[in-house]
Amino acid sequence: MHPGGDKILLAAGGALEPYWALYAVHKEEHVLEILSEYKIGVLNPESLKRQESTDPLDPYSGEPSRHPALQINSLKPFNAEPPASVLADSYITPSAIFFKRNHLPVPKVDPETYRLEIEGLPSGVVSVTLSELKSRFPKRTITATLQCAGNRRSEMNKVKQVKGLNWGIAAISNATWSGASLREVLLHYGFTPEVAINAKHIQFEGLDKDVTGAAYGASIPLNKALSEEGDVLLAYEMNGEDLPPDHGYPVRVVVPGVVGARNVKWLGRIVVSHEESKSHWQQNDYKGFSPGTDWDTVDFKSAPAIQELPIQSAITHPAEGSSVERGDEEVTIKGYAWSGGGREVVRVDVSVDGGNTWHVAKLYSSDLGQNPAPGRAWAWKLWEIDVPLPDGAQELEIVCKAVDNSYNTQPDTVGPIWNLRGVLSNAWHRVKVKVKD
Ligand code: MTE
Ligand code: MO
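Residues numbered from 1 in each chain as written. Chains lettered and ligands numbered in written order. Predicted model: local features only at pLDDT ≥ 70, side-chain atom pairs only at ≥ 80, totals over all residues. Heavy atoms only, no water.

### With respect to the overall build of the protein chain
Regarding its fold elements, the protein chain presents 10 helices and 22 strands. At 23 Å, the protein chain has a C-alpha radius of gyration in line with the 22 Å of a compact globule built from 437 residues. With the principal axes as the frame, the protein chain shows a C-alpha extent of 75 × 55 × 45 Å. A fraction of 71% describes how many contacts in the protein chain between residues 6 or more apart in sequence connect residues 24 or more apart. Here the protein chain displays about 20900 Å² of accessible surface, and carbon together with sulfur accounts for 53% of that area. (Helix = DSSP H or I, 4+ residues; strand = E, 2+ residues; numbered from the N terminus. Rg over C-alpha atoms; globule rule 2.2 N^0.38 Å. Contact = heavy atoms within 4.5 Å. Areas by Shrake-Rupley, 256 points an atom, 1.4 Å probe, with all protein chains shown as cover.)

Next comes the structure, spelled out in structure tokens:
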């Protein structure tokens, strides 16, 4: 009888409160009244205490607590995505269920002693405090979607085993980010056209370190950072609040339109340089290869680091293996669509017969209904459509594919884009659903 359908089952066996925080519509007297009949008791406060590891040698012992709805891909380091069914419920993904992708333990950073170091400018090393970052520069806000290069990797795994976390379709989320403009910060601390003669890249280094002391790092092309239309932020807020620990507190770089991996969290250092970041994740990971390349033949130097991502879309409702009633005559289909590089999704085509016939879905962007500036469509579109059930069909093969304003579209199958690392998985998304008489 739950108006939201079987989503209520997400909370089964645990505390209800985290879900109430997600769905604010529940916080009403009459809902409590309806529920009181089902109440079986109050959880023992002891059992609610964070199950913290007490092992002093465990670098993961101080990790933040996380929302129970997250589907965990790896616990240490923490990697998790929201349930697909919840992902497209809100245009802005609540921070608690925003996908989380950590390579290392979450560092504890004291905002009082935090310093952002900037190197490679004529003035030498600049050290910026958090309050300087907040007070010296205007606070800029953008809405931007982040997607991990490995989103939808599990579909590649079905073709042939790849190396990497087995992400479903929800290693992508959308948030508002506020902070200082990287361009404005660089110009303020002495970036000049002369610097640009040699410099070609902006390197970022996190404060999260592995056992050898190597920090997470990545870089982006200098022109992205310097462009007035690039909108690269040194963000200290996510969805109107301080960045949560998992998302890079106190400062992360948000590089809209660019693969998640370059959006360095817990940002400790920026280097203006003639070369790319030397980090493992820039040099020997997050690159695309031919389906014919295997671990014996792969040469990471031969391929460019992924920056702007290709076009993507997926179906978040209905779920694979669920069923629809023939009597309903229609099936409601929902999902998300996004493209990298600020390219705007202009159309999503949906089929319920495996791609023989197509329908155009209705696209939704921000609640404000604002159109993004050309070339700066950083945020996803949600889409929805009611499609009539084909006569006599026992099963539907629901398919979606998106088109961006450069008329890029998605490949129809995974096989030809398969690659050993399982990145850039953006084939037509397919979901099979039964029709019940
Ligand atoms: N930054 C640091 N310092 N350490 C990391 O492990 N992971 C990267 C990127 N920035 C990472 C990082 C990757 S691969 C992705 S996809 C995004 O952060 C994920 O951002 P999120 O956890 O806020 O969703
Ligand atoms: Mo990622």
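### Details of the pattern of salt bridges
Counted according to the given criterion, the structure contains 21 salt bridges. A salt bridge links R183 to E228; its shortest N-O distance comes to 3.9 Å. Placement of the pair is R183 in helix α7 (residues 182-188) and E228 in the loop between α9 (222-226) and β10 (233-238), with a sequence separation of 45 residues. Where K401 meets D349, a salt bridge forms, and the shortest distance between an N and an O atom there is 2.8 Å. Taken together, the residues span a long stretch of sequence, with K401 in strand β21 (residues 395-404) and D349 in strand β17 (residues 345-351) at a distance of 52 residues. Among the charged side chains, a salt-bridge network with shared partners connects E63, R66 and D246. (Salt bridge = Lys/Arg side-chain N within 4 Å of Asp/Glu carboxyl O.)

### Notes on the packing of aromatic side chains
For the structure on display, the rule yields 9 aromatic pairs. Between F99 and W167, the aromatic rings sit 6.2 Å apart at their centres with planes inclined by 85°, giving edge-to-face as the arrangement. Of this pair, F99 sits in the loop between α4 (84-87) and β3 (100-101) while W167 sits in the loop between α6 (153-159) and β7 (172-181); the two residues are 68 residues apart in sequence, bridging distant segments of the chain. Judged by its relative accessible area of 6%, F99 is buried. Both rings, one in Y336 and one in W380, keep their centres 5.6 Å apart while their planes meet at 20°; by these two values the pair is stacked. Taken together, the positions of Y336 in strand β16 (residues 330-338) and W380 in the loop between β19 (362-364) and β20 (381-388) put the pair 44 residues apart, joining distant regions of the chain. Exposure class is identical for Y336 and W380. Each is buried. Here the guanidinium or amino end of R66 rests over the ring plane of F78, the centre of that ring lying 3.8 Å away. Of note, K163 hangs over the ring of W295, and the distance from its end group to the ring centre comes to 4.2 Å. (Phe/Tyr/Trp six-rings, centres within 6.5 Å; stacked < 30°, edge-to-face > 60°. Buried < 20%, exposed > 50% of the residue type's maximum accessible area, 1.4 Å probe, protein only. Lys NZ or Arg CZ within 6 Å of the ring centre and 35° of its normal.)

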